[in-house]
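Chains, contacts and geometry: an overview
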Amino acid sequence: MQLKAIHVVYANWCPHCMPTTVEAMKKASQTLGVPIKLYDIDTEAIKEADRLVAEHGDWSEDYLIPQVFLEYPDGKIEHVLTGYSEDVKLTARGVANLLSRLGVQP
């Protein structure tokens, strides 16, 4: 699977995001040799985060985070993960499954 980039919409205060998802996706980007683009919703990056989620993710007025997207060389963007609001452990399991799909050791 050839990737152009990994995109992560997150917030620093969110335990589903930090470190659960962001750190794992940073490791995946290093392992796969692709850049990671991080969009902290508590900064000006929210404009791009909102656009990405509205066009490709699980959009609602108060959408769930984290959300992870894979960008391919042809410009296609695939939404691959939304955090599970019920429990950080569920989000961690989703992240582990995503890493496995990408061929990255957790």
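Here the structure is shown first, and the text comes after it.
Before going into details, it helps to say that this report is about the structure given with it. Since this is a predicted model, take the numbers as computed values, not measurements.

Basis of the calculations
Residues numbered from 1 in each chain as written. Predicted model: local features only at pLDDT ≥ 70, side-chain atom pairs only at ≥ 80, totals over all residues. Heavy atoms only, no water. Salt bridge = Lys/Arg side-chain N within 4 Å of Asp/Glu carboxyl O. Helix = DSSP H or I, 4+ residues; strand = E, 2+ residues; numbered from the N terminus. Buried < 20%, exposed > 50% of the residue type's maximum accessible area, 1.4 Å probe, protein only. Pairing = 2+ DSSP bridges. Right-handed = clockwise from strand over helix to strand, strands pointing away. Axes fitted to C-alpha atoms, helices over the stretch in contact; angles between N-to-C directions. Parallel < 35°, antiparallel > 145°, perpendicular 65-115°, else oblique. Contact = heavy atoms within 4.5 Å. Nonpolar A, V, L, I, M, F, W, Y, C, P; charged D, E, K, R; others polar. Expected span 1.5 Å × (residues − 1). Arc of directions from axis to C-beta. Polar contact = N/O pair within 3.5 Å; in protein donor to acceptor, adjacent residues only side chain to side chain.

**Brief notes about the pattern of salt bridges**
All told, the structure shown has five salt bridges when counted by the stated rule. Taking the shortest distance from any N to any O, the salt bridge between Lys4 and Glu71 comes out at 3.6 Å. In this pair, Lys4 is assigned in the segment before strand S1 (5-10) and Glu71 in strand S3 (residues 67-71), connecting sequence segments 67 residues apart. What makes Lys4 partly exposed here is its relative accessible area of 45%.

**Topic: the pairing of strand S2 (residues 36-40)**
Alignment of S1 against S2, held across five bridges, turns out to be parallel. Bridging across to S2, Ile6 finds its partner in Ile36. You can see the chain leave S1, run along helix H1 (residues 16-32) and come back into S2, and the turn it takes is right-handed.

**Brief notes about the packing of H1 against helix H3 (residues 88-102)**
Put simply, H1 and H3 touch, their axes get as near as 10 Å, and they point 5° apart. The angle between H1 and H3 places the two elements in the roughly parallel class. Between H1, through His16, Thr20, Thr21, Ala24, Met25, Ala28 and Leu32, and H3, the contact on the second element is made entirely by Val88, Thr91, Ala92, Val95, Leu98, Leu99 and Leu102. For the contact of H1 with H3, the residue count by class is 10 nonpolar, four polar and no charged.

**A word on the sheet that holds strand S4 (residues 77-82)**
Reading across the sheet, the four strands line up as S2-S1-S3-S4 and stay open at both edges, with mixed pairing between neighbours. Of all strands in the sheet, those with a lone pairing partner are S2 and S4, marking the two edges. Going across the sheet, the axis of each strand differs from the next one's by a mean of 20°, ignoring polarity. In the sheet, S3 pairs with S4 via five bridges, with the strands oriented antiparallel.

**Side note on H3**
In this model, H3 (15 residues) spans 21 Å end to end at C-alpha, consistent with the 21 Å of a helix rising 1.5 Å per residue. Taken as a whole, H3 has its buried residues at Thr91, Gly94, Val95, Leu98, Leu99 and Leu102. One face of H3 carries all of its buried residues, which in axial projection span an arc of 140°. Counted as exposed and oriented over 90 degrees from the buried face of H3: Lys89, Arg93, Asn97 and Ser100. As for H3, its buried residues are in contact with H1, S3 and S4. Here H3 starts with a cap whose side-chain oxygen sits 2.9 Å from the backbone nitrogen of Lys89, and that cap is Asp87. A positive backbone phi angle near 80° is found at Gly103, which sits one or two residues after H3.

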